[in-house]
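Each chain is listed here by its residues.
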Amino acid sequence: MSNTTLFLIAIVIIMLAAVPVAMMLKDFLPNIMEKSSGIEQIENRIYVLHAEAQDLQNRVNQLTQRRNSQSSDRSRLEGDIRKAEKHIREISEQPPLFVHEVGDPQAGLMKFVATVTQEKASAAARAAGERAAVNPIWRCANVAEVWASSFDEAKQMCETAFPFKLGFQSSFLRGDTRDSKKAGGLPVPPATIRAKAGAAT
């Protein structure tokens, strides 16, 4: 046989062998491609799920920080509430403070503050045979806010409003001021009762 004949025979044999291989590839290749495509989809899904999990973890961390911050704020507020309640209890246990206003607040006048007490009767009143009923408010703390142009005038106005012969004694606490908001000097609890001088006497 010549070389050409042998070559042709080899080609025929290869073609005959290639037909079954091609049929096999026709059956298996789509499955292989489909499996390969499914793996890629799974990998892509894994990436997506990983990103979502990372986002959820970040949100959880933020919520945890917010919870811790709110817990700290709550503890601080509870402490403030306890302090306020204690302060309220302390104030409620204090006796009331009565404030008597002598004169009218006007521009150019100064406010003088004096403590005022009343005894059952002064020595002069007892000597004259006078008796004056004691108002229950004088068992508590009383102060007079006197509006006057000078200390001497304030002292005279206070003595007129709270006469010694009725058992009153007054003592000025400090100097004067033109700013009534800054003249509060004494602590004024919620039980403070304000009245014009004369109404309580």
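Residues numbered from 1 in each chain as written. Predicted model: local features only at pLDDT ≥ 70, side-chain atom pairs only at ≥ 80, totals over all residues. Heavy atoms only, no water.

Colleague: An account of the nonpolar core is requested, with residue identities and associated values reported.
Modeller: Core analysis: the biggest nonpolar cluster contains 17 residues, and Phe112, Ala144, Val146, Phe162 and Phe172 have the highest contact counts within it. Every element with two or more residues in this core is listed here: strand 1 (97-102), strand 2 (110-118), strand 3 (141-148), helix 3 (151-161) and strand 4 (168-172). Element by element, the count of residues in this core is highest for strand 2, at four residues. (Core = buried A, V, L, I, M, F, W, Y, C linked by side-chain atoms within 4.5 Å. Buried < 20%, exposed > 50% of the residue type's maximum accessible area, 1.4 Å probe, protein only. Helix = DSSP H or I, 4+ residues; strand = E, 2+ residues; numbered from the N terminus.)

Colleague: Tell me about a nonpolar patch on the surface, and please be specific about residues and values.
Modeller: Taken together, the side chains of Leu6, Ile9 and Ile13 define a hydrophobic patch exposed on the protein surface, amounting to about 260 Å² of accessible area. Within the fold, isoleucine 9 resides in helix 1 (residues 3-93). (Patch = residues over 30% accessible without salt bridge, like charges linked within 9 Å, V, L, I, M, F, W, Y side chains within 5 Å. Areas by Shrake-Rupley, 256 points an atom, 1.4 Å probe, with all protein chains shown as cover. Salt bridge = Lys/Arg side-chain N within 4 Å of Asp/Glu carboxyl O.)

Colleague: Please set out the pattern of salt bridges residue by residue, giving values where relevant.
Modeller: For side chains bearing opposite charge, pairing can occur when the charged atoms are close. All chains considered together, the criterion is met by three salt bridges. Across the pair arginine 74 and glutamate 78 runs a salt bridge, and its minimum N-O distance is 3.1 Å. You can see arginine 74 and its partner glutamate 78 sitting in helix 1, four residues apart, about one turn around the helix. Overall, arginine 74 belongs to the exposed group, its relative accessible area being 57%. Under the relative-accessibility criterion, glutamate 78 is labelled partly exposed at 34%. Ionic pairing is found between lysine 111 and glutamate 145, a salt bridge with its closest N-O pair at 3.7 Å. Of this pair, lysine 111 sits in strand 2 while glutamate 145 sits in strand 3, and the two are 34 residues apart along the sequence. The burial state of lysine 111 is the same as that of glutamate 145; both residues are buried.

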